[in-house]
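# Descriptive structure summary
Listed below, chain by chain, are the residues.
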Amino acid sequence: MLDADAYDATIRARFPDLPDRDLYRKLSEQPGTVVVSRNFASLHGLTKGDTLTLPAAEGPLSFRILGTVADYSCT
């Protein structure tokens, strides 16, 4: 999980040219959405606009994919 509002505010000044930065602003404005890594999307055959459903204790949760971003933190 990520506080998209706080993340956008943090990177706005430090990395004004960060590719896909606008996705985090949109993420904070549009409930029920998610941003996924390009690798995750590729591995699972997902693209922008698709629905990602995840298991949860209270039942499956579905999110609309806003877009993908480069993420080198984990394979």
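Residues numbered from 1 in each chain as written. Predicted model: local features only at pLDDT ≥ 70, side-chain atom pairs only at ≥ 80, totals over all residues. Heavy atoms only, no water.

A few words now on the overall build of the chain. Along the chain, the regular secondary structure elements total three helices and three strands. Listing every helix and strand of the chain by position from the N terminus yields α-α-β-α-β-β. Looking at the chain as a whole, 25% of its 75 residues qualify as buried. In the chain, the proportion of contacts linking residues at least 24 apart, taken out of those at least 6 apart, comes to 45%. Positive and negative charge centroids in the chain, built from 8 and 10 side chains respectively, lie 5 Å apart. (Helix = DSSP H or I, 4+ residues; strand = E, 2+ residues; numbered from the N terminus. Buried < 20%, exposed > 50% of the residue type's maximum accessible area, 1.4 Å probe, protein only. Contact = heavy atoms within 4.5 Å. Lys, Arg positive; Asp, Glu negative; His and termini not counted. Charge placed at Lys NZ, Arg CZ, Asp CG, Glu CD.)

Here the focus is the pairing of strand β2 (residues 51-54). The pairing of β2 with strand β3 (residues 61-69) spans four bridges and is antiparallel. Bridge pairing in β3 links Thr51 to Arg64. Taken together, β2 and the strand that follows it, β3, pair antiparallel across an intervening segment of six residues, in which Gly59 is found at a positive phi of about 120°. (Pairing = 2+ DSSP bridges.)

With respect to the helices, strands and loops of the structure, Gly45 is situated in the loop between α3 (38-44) and β2. The spacing of Gly45 and Gly59 is 14 residues in sequence and 23 Å in space, taken between C-alpha atoms.

With mixed pairing, the three strands of this open sheet are ordered in space as β1-β3-β2. Where the open sheet ends on each side, the last strands, each with one partner, are β1 (33-37) and β2. On average, each strand axis in the sheet is tilted by 50° relative to the strand beside it, whichever way the strands run. Relative to β3, β1 is paired through five bridges, and the arrangement is parallel. The partner of Val34 across the bridge, within β3, is Ile65. In the packing of helix α2 (residues 22-29) onto the sheet, contacts are made with β1 and β3, and the angle to β3 comes to roughly 160°. (Axes fitted to C-alpha atoms, helices over the stretch in contact; angles between N-to-C directions.)

We now examine the nonpolar core. Core analysis: the largest hydrophobic core is formed by eight residues, namely Ala4, Ile11, Leu23, Tyr24, Leu27, Val35, Leu66 and Val69. Those residues in contact with Leu66 that lie beyond four places of it in its chain are Leu23, Lys26, Leu27, Gln30, Thr33, Val34, Val35 and Lys48. Val34, Val36, Leu46 and Leu52 belong to the second largest nonpolar core, which has six residues in total. (Core = buried A, V, L, I, M, F, W, Y, C linked by side-chain atoms within 4.5 Å.)

This next bit is on the confidence of the model for the chain. Reading fine detail from the predicted coordinates is not recommended where pLDDT is low. For the chain, mean pLDDT is 86; residues scoring 70 or higher make up 95% of the total. When mean pLDDT is taken per element in the chain, β2 scores highest with 96 and helix α1 (residues 4-14) scores lowest with 74. (pLDDT = per-residue confidence, 0-100.)

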